[in-house]
Amino acid sequence: MRLSPQYIPRDLDSWSIGGQPVVGIEDVARRAGVSPSTVSRALRGRSGVSDRTRQRITELAAELDYSISRSASGLATGRTWCIGVVVPFIWRWFFGQIIGGAEQVLRAAGYDLMLYTAGDEESRERFFRELPVRGRVDAVLVLSMDLTEQEADRLRGLDLPLGLVGHEAEGFSSVHIDDRQGTRLAVQHLINLGHRDIAMIQGLEPKPLGAIAPVIRRDAFLQTLRDNDVEPRPEWLVPGEFSISGGERAMDRLLAGAHQPTAVFAYADELAMGALRSLRRHGRSVPEHMSIVGFDDHEMSEYVDLTTVAQPVRAQGATAAQLLIDQLDAKSRKTTVVPVPIDLVVRGSTAPPRRSAER
């Protein structure tokens, strides 16, 4: 049951259950001779409280059978102890890992995570129009969404610490990889092995729901080919849904063509895994018949022996969450940009091309 605000007593001392008064944060503060915000910090393990005061407050809270509530703490400190996370998808491995990393850091610091999805045009437009995070969170973290200037302005207008994973924007702390560099590493690896007939299984087009990484990786793929005097073939730029089955269907299309590549760069490891399944179903071995490179270093990539561009996905969520916590603790709007290193992990899915009558 939800109570509307008029049913919430202004005096927390008036709360009772079964005729018995319920101890509030004000009671503990009066007994300890400190402010309610100090009680909140002490019981949450936050900084700014001496060990002696913290012990005194903890003992009094136990004596009074008091456990801190978020509503009472929020009234005392002005915080909700909740961080809003805006994400385009929750079902993809990549976003699940980022959310998991962020949640672990937030939970350790005493914060809850409130998730908002904007996975289609309607929900995204509604979110930025209504801004349901207003008054409910202390900071907002946006995952892999290329915000329009209007959307960024709407969030900046909240006057809260803001964070981005995936790219940069003014007024936001940011954690991101260099997608261009990662793509160059993958494609150059194939070229160095001797491949010239290289396809790409890319993200859905056009720019899906404002996600900029698919566009950056596609452009970097084409540029790397041209830098090595390899002319791209438009029919070898195959869109694929962000799933294993999407990668499988994309590889089916490549194999159905009159001319087939000797190597494929996949936008994400899940697409690469689908490509591997398609090749196996068509009786093609990897890397003898075709080399495959992915991107992300999915936790299953090692088990399928996939060469991939590794990025610390979970750590990006954890780092972004910590940046917001640091801003809240410092009561500062100073933003920080953290570039994240990436690396090519060479496994058994790539090798020099085999020249045969099959091609």
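Everything quoted here is computed from the prediction, not taken from an experiment.

### A word on helix H7 (residues 149-156)
Of the residues making up H7, those classed as buried are Glu151, Ala152 and Leu155. With its buried residues spanning 100° around the axis, H7 presents them on a single face. Facing away from the buried side of H7 by over 90 degrees, the exposed positions are Glu149 and Gln150. Contact partners of the buried residues in H7: helix H6 (121-130), strand S5 (139-143) and strand S6 (162-165).

### Re the pairing of strand S10 (residues 263-266)
Of the two faces of S10, the one holding Ala263 and Phe265 and the one holding Val264 and Ala266 are both buried throughout. Across 4 bridges, strand S8 (residues 198-202) lies against S10 in parallel orientation. Bridge pairing in S10 places Met200 opposite Phe265. With 3 bridges joining them, S10 and strand S11 (residues 291-296) adopt parallel strand pairing. By the bridge assignment, Phe265 is partnered in S11 with Val293.

### Re the pairing of S8
Where burial is concerned, most of S8 is hidden: 5 out of the 5 residues are buried. One ladder, built from 3 bridges, connects S8 with strand S9 (residues 237-239); its direction is parallel. Paired with Ile201 across the bridge in S9 is Val238.

The rules behind each value
Residues numbered from 1 in each chain as written. Predicted model: local features only at pLDDT ≥ 70, side-chain atom pairs only at ≥ 80, totals over all residues. Heavy atoms only, no water. Buried < 20%, exposed > 50% of the residue type's maximum accessible area, 1.4 Å probe, protein only. Helix = DSSP H or I, 4+ residues; strand = E, 2+ residues; numbered from the N terminus. Arc of directions from axis to C-beta. Contact = heavy atoms within 4.5 Å. Pairing = 2+ DSSP bridges.

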